[in-house]
Amino acid sequence: MSMLDAEVVQEYIRMCDDGWLQGWHERNAGNLTYRLTEAEVEECEIYFDYTDDWVEMDISVENLAEEFFITTGAGKYFRNIALDAEDCLGVVEINEDGDAYRVVWGFSGGAVPTSEFPSHMLNHSIKKEATDGLNRIIYHAHPEAIVSLTSILPLTAKAFSSALWRTITECPIVFPAGVGVVEWMMPGAGEIAVKTSELMETFDAVVWAAHGMFVSGATFDLAFGLMHTIEKSARIYLNTISAGKRSLRTITDTQLRDIAETFDLVDFNYSLLD
Ligand code: 2HA
Ligand code: ZN
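As the structure is a prediction and not an experimental result, all values here were calculated from the model. (Residues numbered from 1 in each chain as written. Chains lettered and ligands numbered in written order. Predicted model: local features only at pLDDT ≥ 70, side-chain atom pairs only at ≥ 80, totals over all residues. Heavy atoms only, no water.)

Q: Hey, could you go over the nonpolar core for me, with residue numbers and the actual values?
A: One finds L36, F48, V91, Y139, I146 and I230 to be the most contacted residues of the largest nonpolar core, which totals 75 residues. No other element matches helix 10 (residues 220–242), which puts 9 residues into this core. The contact partners of V91, leaving out residues within four places of it in the chain, are M3, L36, F48, F68, F69, I70, R102, V103, V104 and W105. Core analysis: the next-biggest nonpolar cluster, separate from the first, contains 15 residues, M57, V61, L64 and F107 among them. (Core = buried A, V, L, I, M, F, W, Y, C linked by side-chain atoms within 4.5 Å. Buried < 20%, exposed > 50% of the residue type's maximum accessible area, 1.4 Å probe, protein only. Helix = DSSP H or I, 4+ residues; strand = E, 2+ residues; numbered from the N terminus. Contact = heavy atoms within 4.5 Å.)

Here it is, written out as structure tokens:
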């Protein structure tokens, strides 16, 4: 037995591989973090080594104190995760003050957590609070259609949410709150991390202009499914405008209101309609 036999690790690896197969992870693009349940920590603890030094984070996420996360490594390629998970992935523990982490498993070649780790931790902190602990995943990828739309549409939640909702009937059901958008900013820690986590109070998905997308979810299926649904809608929208027929027909605001009522979408964000 090894850590890699744990069901949660297998599910994590499968999601990484699925993202790679979608073409969302060129080179070292993207990153994924998962907050382990207490039962999963108990199951995996025998493989943890607590001798690494604590690394300060520059941020404080008190509600994540003493939590454990599986994370992709900085500079690691999603393409390689299924082949050598122990080199590409790590498990980190957050300290009791919520301002430092240490690696307790993985990164066998000496990697460190993803460059977007502070962004992930701020987003986990907000989402844990907002969902009563339900959301465990933050996923960042570079899907191409949604990135194309950041060159075309106004960089607002309203423009993106309504374009995506009006394109596929399933969209208002899958992301009733809509999607947030961040204008171009430097990736990594700092402003983009703070801005994204602010938007995560309202949205489960945030688009980064000329870069990619961040999503949050309770399970691997939900987080992956959200990224997949948004990207598919963006692709169809793009195909349609490429054919020069966009203005002919889309789901109307009245029809979106009907969907929200029919499916009893309590979180539907009516303020994003006209
Ligand atoms: O992890 O995608 O935004 C590489 C990136 C940085
Ligand atoms: Zn990125």
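Moving on from the model shown.
Q: Run through the coordination of the zinc ion (ligand 2), naming residues and quoting values.
A: Think of it this way: four donors in a tetrahedron around the metal ideally sit 109.5 degrees apart, and six in an octahedron ideally sit 90 or 180 degrees apart. Around the zinc ion (ligand 2), the donor atoms from the protein are H140 (NE2), H142 (NE2) and H211 (NE2), and they sit 2.0 to 2.1 Å away. When the donor residues of the zinc ion (ligand 2) are listed from N- to C-terminus, their spacing reads H-x1-H-x68-H. Across the pair, H142 and H140 agree in class, each one buried. (Donors = N, O, S within 2.8 Å, 3.2 Å for Na, K, Ca; no water.)

Q: Explain the side chain of T150 to me, and be specific about the residues and the numbers.
A: By secondary structure assignment, the location of T150 is in the loop between helix 6 (144–149) and helix 7 (157–165). When its relative accessible area of 11% is taken as the criterion, T150 is described as buried. Looking at T150, its side chain comes within polar contact range of the main-chain oxygen of V147, at 2.6 Å. Among residues more than four places away in sequence, those in contact with T150 are L155, F160, V207, W208, A209 and A210. (Polar contact = N/O pair within 3.5 Å; in protein donor to acceptor, adjacent residues only side chain to side chain.)

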